[in-house]
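# Survey of secondary and tertiary structure
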Amino acid sequence: MAPAITLAADAPTLSAANTGFMLICSALVMLMTPGLAFFYGGMVRVKSTLNMLMMSFISLGIVTVLWVLYGFSMAFGTDSGSVIGWNSDWVGLSDIGLTELWDGYTIPVFVFLVFQLMFAVLTPALISGALADRVKFTAWALFIALWATVVYFPVAHWVWGAGGWAFELGVIDFAGGTAVHINAGAAALGVILVIGKRVGFKKDPMRPHSLPLVMLGAGLLWFGWFGFNAGSWLGNDDGVGALMFVNTQVATGAAVLGWLAYEKIRHGAFTTLGAASGAVAGLVAITPAGGAVSPLGAIAVGVIAGVLCAVAVGLKYKFGYDDSLDVVGVHLVGGILGSLLIGFFATGKGQSDVAGLFYGGGLDQFWKQCAGVFGVLAYSLVVSAVLAFLLDKTIGMRVSEDDEVAGIDQAEHAETAYDFSGAGGGAARTAATAPVAPAESKKVDA
């Protein structure tokens, strides 16, 4: 009986402090989805603003319901074959005690599941930026439901679920470099290869219609990302979450500087769009790595991500794929960089004793990171493309060319983002209803 007594004495008990902290972090991560909607909404043309907002916002509804019905069970239930989880007691969340603790931690299961729900909501919303201006809203909503079910829930289990193959291999992903950003970026590439380019791609300059809206969205993302990253340690007892919080700020600031320096050298100006995009690139890259690297390592991760993501956003013009708002260039490339750089900059003094090449650990962790990165990338790319192909051949993924040219907001939502009808006389009303000139409505290359 002695071991049982010892185990009982050592068993975690509910911590009100950690529970409160994680609820706050969950709310911060939820805020990231509206923040993303503003970020993307400002980057598109006026006639697509509401559609872009809604493509993010609808994920809050769809994924929340799926998570309750079966998503949480698939992602974090008992492992089956290292590829999927399942726990019938979690279906509908109907058999979870109010004070039942998440295994090995001091927070209730309900707190863990709602924190992870916000990740599940955000991830498909990230994909939407690549598809701006041209996707039917009904098809997009159905895509979210299918993609969450066959891609996100299984991949979350691989990376974070006990028994998942990447988890068991020892792949380090503190808060979602693989499960969130590579997953979403690869999915975006898969879908745009199926649905094709916007009307006028590489012919018309496609400028953001509201850079203040972009900066507001970037600020909300940066703010919410502290919950996204620091909260992923699920508590505040040993300082690792604090390290992640610091590294989130450090890497993001460094990435802004890296992106702007590249932009000044390459294009001759420091742009607000570049600053906002650099911040997101740094946030993406530090997400998997921040618990494993030092603040100096975070500077390196941020600068590298800022520069290389700035380079990567131009590849769509070279290779001819229409990634409307640079989801591939920022989230896929940034996620890959952050995940792989762990193999070089991990100190062995953060979330684990695993050290990277620059700290005497050799390349063993780097190869593990490669397995996680390219396993998730390949699966998400292929399955997402197949889903888009099936939807395109059945209900159709794209709006008509006439609707795309006239404006997807009016065609899909029967609304417009800005109503100037009450602003003055007939000239103002005419300007509000007239087609927007290409030079006023297109987005430039970041």
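Look up a bit, the structure's there.
Keep in mind that this is a model prediction, so the values were computed, not measured. Each residue is numbered by its place in its chain's sequence as written, counting from 1. With the structure being a predicted model, the display of local features is reserved for residues of pLDDT at least 70 and the display and counting of side-chain atom pairs for 80 or more, all residues being used for whole-chain, interface and lining totals. Note that water and hydrogens are dropped before the side-chain values are worked out from all heavy atoms of the structure.

## Describing the nonpolar core
Nonpolar side chains tend to gather and get buried jointly when the protein is soluble and globular. Quick reminder of the rule: Throughout, nonpolar core names a set of buried Ala, Val, Leu, Ile, Met, Phe, Trp, Tyr and Cys residues whose side chains join them through atoms within 4.5 Å. Each residue gets one of three labels from its accessible area relative to the maximum for its type: buried under 20%, exposed over 50%, partly exposed in between, using a 1.4 Å probe on protein chains only. What makes two residues a contact is simply this: any of their non-hydrogen atoms within 4.5 Å.
With 125 residues, the main nonpolar core has F72 and L131 as its most contacted residues. With sequence-adjacent residues up to four places away left out, F72 is seen in contact with W67, G77, W90, L93, W102, V109, F112 and L113.

## Thoughts on unusual backbone geometry
Put simply, the test is: The secondary structure listing takes helices from DSSP runs of H or I that are at least 4 residues long and strands from runs of E that are at least 2 residues long, numbered from the N terminus.
The phi dihedral of S82 falls on the positive side, at around 65 degrees, and the residue is not glycine. Position of S82 relative to the elements: it lies in the loop between β1 (78-80) and β2 (84-86). Positive phi outside glycine occurs at L93, with the angle close to 55 degrees. For L93, the location among the structural elements is in the loop between β2 and α4 (109-127). Take L93: its relative accessible area is 16%, and that puts it in the buried class.

## Here's the deal with helix α14 (residues 364-394)
Put simply, the test is: To estimate how far a helix should extend, the number of its residues minus one is multiplied by 1.5 Å.
Its 31 residues give α14 an end-to-end C-alpha distance of 46 Å, which sits within 8% of 45 Å, the value for a rise of 1.5 Å per residue. Two residues or fewer past α14, G396 is found with a positive phi of approximately 85 degrees.

## Notes on the packing of helix α10 (residues 272-289) against helix α11 (residues 295-312)
Put simply, the test is: Convention adopted: a line fitted to C-alpha atoms gives each axis, helices being fitted over their contacting stretch, and angles between N-to-C directions are expressed from 0 to 180 degrees. The scheme is simple: roughly parallel for angles under 35 degrees, roughly antiparallel for over 145, roughly perpendicular for 65 to 115, oblique for anything else. The sense of a crossing depends on the near helix, which, turned anticlockwise from the far helix by less than a right angle, makes the crossing left-handed and, turned clockwise, makes it right-handed. Note on residue categories: nonpolar means Ala, Val, Leu, Ile, Met, Phe, Trp, Tyr, Cys or Pro, charged means Asp, Glu, Lys or Arg, and polar means any other residue, Gly included.
Relative orientation of the contacting elements α10 and α11 amounts to 130 degrees, with a least axis distance of 8 Å. Taken together, the axis directions place α10 and α11 in an arrangement best described as oblique. Considering the relative orientation of α10 and α11, their crossing is right-handed. Residue-level contacts link A281, A285 and I286 of α10 to A298, V301, A305 and C309 of α11. Class assignment of the residues belonging to the contact of α10 with α11 gives a composition of 7 nonpolar, no polar and no charged.

## Re the packing of aromatic side chains
This is how it is decided: Here the aromatic set is Phe, Tyr and Trp, taking the six-membered ring for Trp, and pairing holds for ring centres within 6.5 Å; pairs whose planes are under 30 degrees apart are stacked, those over 60 apart are edge-to-face, and all others are tilted. Working rule: Lys NZ or Arg CZ, within 6 Å of ring centre, within 35 degrees of ring normal, means a charge sits over the ring.
Counted under the stated rule, the structure contains 29 aromatic pairs. On the numbers, 6.1 Å between centres and 85 degrees between planes, the contact of F76 with W102 is edge-to-face. Residue F76 is located in helix α3 (residues 49-76), and its partner W102 is located in the loop between β2 and α4; the two are separated by 26 residues in the primary sequence. Side by side, F76 and W102 carry an identical accessibility label, which is buried. Here a set of aromatic residues connected by ring pairs shows up, and it is made of W67, Y70, F72, F76, W90, W102, F112, W147, Y152 and F153. Over the ring of F270 we find K264, and its NZ or CZ is 5.3 Å from the ring centre.

## Side note on the environment of T149
Along the chain, T149 falls in helix α5 (residues 137-160). In this structure the C-alpha to C-alpha distance between T149 and L66, which are 83 residues apart in sequence, comes to 8.0 Å. Excluding residues that lie within four positions of it along the chain, T149 makes contacts with L66, Y70, M74 and P154.

## Some details on the state of the cysteines
Just so we agree on the cut-off: Here, the term disulfide refers to a pair of cysteine sulfur atoms separated by no more than 2.5 Å.
All chains considered together, the criterion is met by 0 disulfides. Of the cysteine sulfurs around C309, a residue in no disulfide, the closest is that of C370, at 17 Å.

## Topic: the packing of helix α7 (residues 177-195) against α14
Two measures define how a pair of helices packs: the angle their axes make with one another and the distance between the axes. Relative to each other, α7 and α14 sit at 40 degrees, their axes nearing to 7 Å. Here the hand of the crossing between α7 and α14 comes out right-handed. Listed contacts from α14 to T178, I182, N183, A186, A187, L189, G190, V191 and V194 of α7 are G372, V373, V376, L377, S380, L381, S384, A385, A388 and F389. Across the contact of α7 with α14, the residue classes tally to 13 nonpolar, 6 polar and no charged.

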